[in-house]
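Close look at the chain arrangement
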Amino acid sequence: MYFYLKNLTATQQIGALFIIVFGLLLLSSIVAFVLSLREYGDDAAGDLRRKELKSLDGVIRTSWFMMFVFWVGWVAGDWVALTLFGLVSFFALREFLTLSPTRRGDHRSLVLAFFVVLPLQYWLVGTEHFDMFAVFIPVYVFLALPLTSALANDPQRFLERNAKLQWGIMVCIYGMSHVPALLMLEFPGYNNKNAFMVFFLVLVVQTCMATQHLVSRKLQRAPVAPAISQSFNWPSWWIGIGVASVFGALLAGITPWVPGTAFAFSFIACVAGSMGHFVMKALKRDRGIPSWGSEGNGVTGAGGLLDRVDALCFAAPVFFHSARWYFDL
């Protein structure tokens, strides 16, 4: 597949990828639909199977959405893709904070997060100020937000409130903004085909998550941390990482790398994404909720948007900065 994709023009690569991805997603959707028709008991095992199936369905839906963003970004341009990902960040952060209690003293910090930090972060991406983009939130925003809260004269649960807001900004804005940032990097000899890098990242991470979910259903191994996740176990995790990394190596023809390097970058992205997804599960258990959507329906009406993009929010920064380091950009 590597040599086949490498020898195609950009337009031909688009057509080939459309056929490959559409076929894989259609097959995955059919499998998920067939599994949903099965009857599960009302016991704990049945509830677990329904939750796992719902999680798998979320991964597939996210893959459809991200593929849509890829095609839009390719056809309409980078700034349209930036706007779409900015909206994803907005609604994901809203979902995160809606299920976390806030006080009156947090209102100014919330306004700052949604209407100053978020647009500035994406503006830095669009204008290719990558050095400032990398430190704007971890350095400047993390100083400004607690100061804004302190000036509100409300010390009650001050540390918890600010940690919650900062964590939400890091995941939903900082992490997600690294996906469209890939569109702006100038990879040597890549001929402005950066949309393929977004496609590559999304596809390998989603492949990893879907494979991990499917394998965990079959292996029936003891979970690593049952209080956090009943489905996470090391064998299924390694299989998910391995399958997605090999798939990434096969897709090396659409990247500026050879198969071995593409495998390494796929491995890095999948480890970061799957571990990030596991961390977000721990946050949900801390909040006492099964998903970021209330009763399975997110505040966006999307059925828990953050559940669908959390792995990508962790994988994208690691992938982006590793690529910058590799190419010395």
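Our structure is the block above this text.
Quick caveat, the model's predicted, so the values are computed rather than measured.

About the cut-offs
Residues numbered from 1 in each chain as written. Predicted model: local features only at pLDDT ≥ 70, side-chain atom pairs only at ≥ 80, totals over all residues. Heavy atoms only, no water. Patch = residues over 30% accessible without salt bridge, like charges linked within 9 Å, V, L, I, M, F, W, Y side chains within 5 Å. Areas by Shrake-Rupley, 256 points an atom, 1.4 Å probe, with all protein chains shown as cover. Salt bridge = Lys/Arg side-chain N within 4 Å of Asp/Glu carboxyl O. Helix = DSSP H or I, 4+ residues; strand = E, 2+ residues; numbered from the N terminus. 1 Å grid on protein atoms, 1.4 Å probe; cavity = no way out; pocket = protein on both sides within 12 Å on 5 of 7 lines; lining within 4 Å. Points joined across faces, edges and corners; volume = space filled by probe spheres on them. Buried < 20%, exposed > 50% of the residue type's maximum accessible area, 1.4 Å probe, protein only. Polar contact = N/O pair within 3.5 Å; in protein donor to acceptor, adjacent residues only side chain to side chain. Core = buried A, V, L, I, M, F, W, Y, C linked by side-chain atoms within 4.5 Å. Contact = heavy atoms within 4.5 Å. Axes fitted to C-alpha atoms, helices over the stretch in contact; angles between N-to-C directions. Parallel < 35°, antiparallel > 145°, perpendicular 65-115°, else oblique. Left-handed = near helix turned anticlockwise from the far one by under 90°. Nonpolar A, V, L, I, M, F, W, Y, C, P; charged D, E, K, R; others polar.

Re a nonpolar patch on the surface
On the surface, Val224, Trp234, Trp238, Val246, Leu250, Phe263, Phe267, Ile268 and Val318 cluster together into a nonpolar patch covering about 750 Å² of accessible area. When residues of the nonpolar patch are traced back to their parent elements, those giving at least two are helix H9 (234–250) and helix H10 (259–287). The element that contributes the greatest number of residues to the nonpolar patch is H9, accounting for 4 residues. With respect to the secondary-structure elements, phenylalanine 267 resides in helix H10.

Considering empty space enclosed by the protein
For the structure on display, the rule yields 2 cavities of 30 Å³ or more. Computed from the structure, the largest cavity encloses a volume of approximately 70 Å³. Surrounding the largest cavity, Gln212, His213, Ser216, Ser229, Ser231, Phe232, His277, Phe278 and Lys281 form its lining.

Overview of the side chain of aspartate 307
Within the element layout of this structure, aspartate 307 appears in helix H11 (residues 305–327). Judged by relative accessible area, which is 18%, aspartate 307 ranks as buried. A distance of 2.8 Å separates a polar atom in the side chain of aspartate 307 from a polar atom in the side chain of lysine 284.

A word on the environment of lysine 218
With respect to the element layout, lysine 218 can be found in helix H8 (residues 195–219). Residue class for lysine 218 comes out exposed when judged on its relative accessible area of 69%. It is 9.1 Å that separates the C-alpha atoms of lysine 218 and serine 236, two residues lying 18 residues apart in sequence.

Some details on the nonpolar core
With 84 residues, the main nonpolar core has Ile169, Leu201, Trp257 and Phe319 as its most contacted residues. The dominant element in this core, judged by the number of residues it contributes, is H8, at 13 residues. What phenylalanine 319 contacts, discounting residues up to four positions off in sequence, is Leu182, Met197, Phe200, Leu201, Trp257, Phe265 and Ala269.

What to know about the packing of H8 against H10
Put simply, H8 and H10 touch, their axes get as near as 9 Å, and they point 55° apart. What the angle tells us is that H8 and H10 run oblique. Crossing geometry of H8 relative to H10 is assigned as right-handed. Contacts between H8 and H10 pair Phe200, Leu201, Val204, Val205, Cys208, Met209, Gln212 and His213 from the former with Ala262, Ser266, Ala269, Cys270, Ser274 and His277 from the latter. Split by residue class, the contact of H8 with H10 holds 9 nonpolar, 5 polar and no charged.

As for the side chain of asparagine 233
Within the element layout of this structure, asparagine 233 appears in the loop between H8 and H9. Judged by its relative accessible area of 2%, asparagine 233 falls in the buried class. A distance of 2.9 Å separates polar atoms of two side chains, one belonging to asparagine 233 and the other to serine 236. In contact with asparagine 233, other than residues within four places in its own chain, are Ser216, Leu219, Arg221, Ala222, Pro223 and Val224.

What to know about unusual backbone geometry
Backbone geometry at glutamate 128 places phi at a positive 60°, although glycine is not the residue there. Mapping glutamate 128 onto the fold places it in the loop between helix H5 (107–126) and helix H6 (130–151). We classify glutamate 128 as partly exposed; its relative accessible area is 39%. Despite not being glycine, arginine 157 shows a phi value in the positive range, around 55°. For arginine 157, the location among the structural elements is in the loop between H6 and helix H7 (158–181).

Here we look at the pattern of salt bridges
Applying the stated rule across the entire model yields 6 salt bridges. Across the pair aspartate 106 and arginine 161 runs a salt bridge whose closest N-O atoms are separated by 3.0 Å. A residue pair is termed long-range when its members are at least 10 positions apart, and aspartate 106 in the loop between helix H4 (78–98) and H5 and arginine 161 in helix H7 qualify at 55 residues. When sorted by exposure, aspartate 106 lands in the same class as arginine 161, which is buried. Residues arginine 324 and aspartate 131 are paired through a salt bridge, measuring 3.4 Å at the closest nitrogen-oxygen approach.

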